[in-house]
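# Close look at the chain arrangement
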Amino acid sequence: MFYRECSNFKDSYASDMAIFPIPLDRWGFIFMLFMAFVVVPLFTSEYFITNIIIPFYCFALAAFGLNVLAGYAGQISIGHAAFMAVGAYASFNLYGRLGLPLVPSILGGGLISAAVGTIFGLPSLRIKGFYLAISTLASQFIIEWVIVHWKWVSGGVFGTIEAPKMFLFGFIPLDTAVKKYYLTLCLMTVLMTFGKNLVRGQLGRNWMAIRDVDFAAEIIGVNLYRDKLIAFAVSTFYAGVAGALICFTYVGAANIEEFNVMVSFAMMGMIIVGGLGTVLGSFLGAGFFVMLPIGINQFLGSFMDVVPADILANIESILFGGLIVFFLIVEPYGMARLWHTIKDKMRLWPFPY
Amino acid sequence: MNEKKEPLLRAENIHISFGGLKALNDVSLEIYPGEIMAIIGPNGAGKTTMLNIINGFYKQDEGRIIFEGKKRSKKMKPNRIAAQGIARTFQNLALFRGMSALGNIMMGRTMKMHANIFSQALYWRFSQKEEIEHRKAVEHIIDFLQIQNIRRTPASTLPYGLQKRVELGRALAAEPKLLLLDEPMAGMNLEEKEDIARYVLDANEELGYTIALIEHDMGVVMDICDRIVVLDFGNKIAEGTPEEIKSNQKVIKAYLGEAEN
Ligand SMILES: Nc1ncnc2c1ncn2[C@@H]1O[C@H](COP(=O)(O)OP(=O)(O)OP(=O)(O)O)[C@@H](O)[C@H]1O
Ligand SMILES: [Mg+2]
């Protein structure tokens, strides 16, 4: 009932264009920040932080990256996990071999991933839709193959390298879950803020225009080539950073298996379930994907003592797949849209119009 | 009336065919600064094709386009042509359906916004100032077209007439030197047509836009246009003021011929 624009008639364009024009949303956001920065690290278990929240943040970043490309710019990519792998291996090498500081290594991994992503984005200048999807699927296999066979990059056996010991600014050791958590959280918050600004600014509008009617976008002055390639670069930058973060703070090693084609599919699923073309949807989708197996485990655990791993995996796939189909049919804009619908109703409540 | 001025755009001896079909056959026309010019003709006459060539969406097989006294290279991309100052609307709406009315009209400003990607990511100083400045310009257009109450509505959910209006807004937001309108009043009722005719006239008289439009409603065309070019089966069959066109035998025959079919 108090969810209102709060009779504050907007008196400037700046306030009308704020990310959260409604006070309650703003408070909700501040509350989430408080939860993330204070409550989670202080009052939850190490298990929860390492196995749920850190991967949640990383996948939210990666899902946002894919959302930029697929949800905003309308260019499908079903090989996105490969770019996470590029970011992971690149940052491990920058940090472990070349001795760059930690944060620049992670961002550098993102930049190298962006460079590779831009090259794999070149086909989008010529082809669309299904054909582009296949060409991005090819990028998955090409990148995997190169990483595994290029020993200098992928190190030991099966394309696995252990994470080097991490130091922030060269002397603060990142040895506990909480410290790794803060690293992930800070990077995620900053990058998501930048990302939100991009998608609500002119570049984001250009992307959506390309997605909706590419020829009309071109005729109003959008440089299709440039903005599509920028979308690939930005998208794969986020994927690369997410891949690096996952390996540094969650897995503790760079392992090509973490980024196989199933992960690429899962990321498509995340943004479909969460919401195409929204930042919130990237969070919802990633959260859903990370929590789902744990939720099923808990649920089945209340019936049996030991849940067999294969059953768990199968139920997970079936549920996730079923939900993707459900959202594609019933609500193509995902959970984020459902949330907005509820909010719109509340805004006008109790009057239906 | 404007004959003594240099034309803003001159299309010379344009030919284009699709497969065996000759859609335009040696058509020449001029658009003079400050005028409202109409292209009329029966269905399939090649009117839309002409606009498509003028704004670079199609490339002519033969002939040339001269804009502001300079010959245009055939390789020029549509977005470069837009940057020279040509904007248009489409016969079958081409709105960005996933965006709000406001977002669509803001797209008209895209060429005028120069904040780079880093500045936009920070949304700081230059980028924010630029966004606000262009938002103001867009609000003027929203006021001009009287669509204040649908600002935030997704384009896809707007009724047809309003979608047409938003598309006009998007083209106006680009502040083009030449505005091309492909059947801006098609499918509208009388009242809506009068509204659009008013906006077109105001855009021409108050805002000083040069306009070339395609329209089937002869009443409207005769009322608001300074000059008319008539196409039939890809050929230009007449050109002149509304009075001259009304009494032109070829035109009457072309239209009667269509009515008989
Ligand atoms: N891309 C294309 N490919 C093939 N044929 C085309 C193409 N564009 C136009 N044509 C053909 O060229 C001819 C002229 O089409 P155009 O759209 O210019 O007509 P028009 O005068 O705008 O008609 P209407 O009043 O129905 O809009 C038509 O016969 C059409 O089928
Ligand atoms: Mg037409």
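Anything mentioned here points back to the structure above.
I will try to describe carefully the structure that is included in this document. If you're wondering where the values come from, they're calculated on a predicted model, not measured in any experiment.

## Things to note about the site of ligand 1
Residues and elements named next belong to chain B. Near ligand 1 you find 14 residues, and of these Gly44, Lys47, Thr48, Thr49 and Gln91 are the closest. At 3.2 Å from an oxygen atom of ligand 1 is found a main-chain nitrogen or oxygen belonging to Ala45. Contacts to ligand 1 include Tyr58, whose side-chain N or O atom sits 3.0 Å from a nitrogen atom. Its free accessible area being 640 Å², ligand 1 has 65% of it covered by the protein chains. Secondary-structure elements contributing two or more residues to the shell around ligand 1 are β2 (21-31) and α1 (47-54). Among the elements that take part in the shell around ligand 1, α1 stands out by supplying three residues, more than any other.

## A closer look at the side chain of Ser235 of chain A
Residues and elements named next belong to chain A. Along the polypeptide, Ser235 turns up in helix α11 (residues 224-251). A polar contact of 2.8 Å, which involves the side chain of Ser235, links it to the side chain of His80. What Ser235 contacts, discounting residues up to four positions off in sequence, is Gly65, Leu66, Val68, Leu69 and His80.

## Comments concerning the coordination of the magnesium ion (ligand 2)
Coordination of the magnesium ion (ligand 2) by the protein comes from Thr48 of chain B (OG1) and Gln91 of chain B (OE1), over a distance range of 1.9 to 2.1 Å. Taken as a pair, Thr48 of chain B in helix α1 and Gln91 of chain B in the loop between β6 (86-88) and α3 (101-107) lie far apart in primary sequence, 43 residues in all.

## Description of the interface of chain A and chain B
Each partner contributes residues to the interface: chain A has 31 residues there, and chain B has 37 residues. Between chain A and chain B, a total of about 3000 Å² is buried, with carbon and sulfur atoms accounting for 67% of that surface. At the junction of chain A with chain B, the criterion picks out one salt bridge. Notably, a salt bridge pairs Glu131 of chain B with Arg205 of chain A, separated by 2.9 Å at the nearest N-O pair. Among the elements of the structure, α1 (13-16), α8 (177-200), α9 (202-212), α10 (214-219) and α11 of chain A are those that each provide at least two residues to the side of chain A that touches chain B. Among the elements that line the side of chain A that touches chain B, the one with the most residues is α9 of chain A, at eight residues.

Cut-off values and rules
Residues numbered from 1 in each chain as written. Chains lettered and ligands numbered in written order. Predicted model: local features only at pLDDT ≥ 70, side-chain atom pairs only at ≥ 80, totals over all residues. Heavy atoms only, no water. Near = heavy atom within 4 Å. Polar contact = N/O pair within 3.5 Å; in protein donor to acceptor, adjacent residues only side chain to side chain. Areas by Shrake-Rupley, 256 points an atom, 1.4 Å probe, with all protein chains shown as cover. Helix = DSSP H or I, 4+ residues; strand = E, 2+ residues; numbered from the N terminus. Contact = heavy atoms within 4.5 Å. Donors = N, O, S within 2.8 Å, 3.2 Å for Na, K, Ca; no water. Buried area = accessible area lost by both parts, 1.4 Å probe. Salt bridge = Lys/Arg side-chain N within 4 Å of Asp/Glu carboxyl O.

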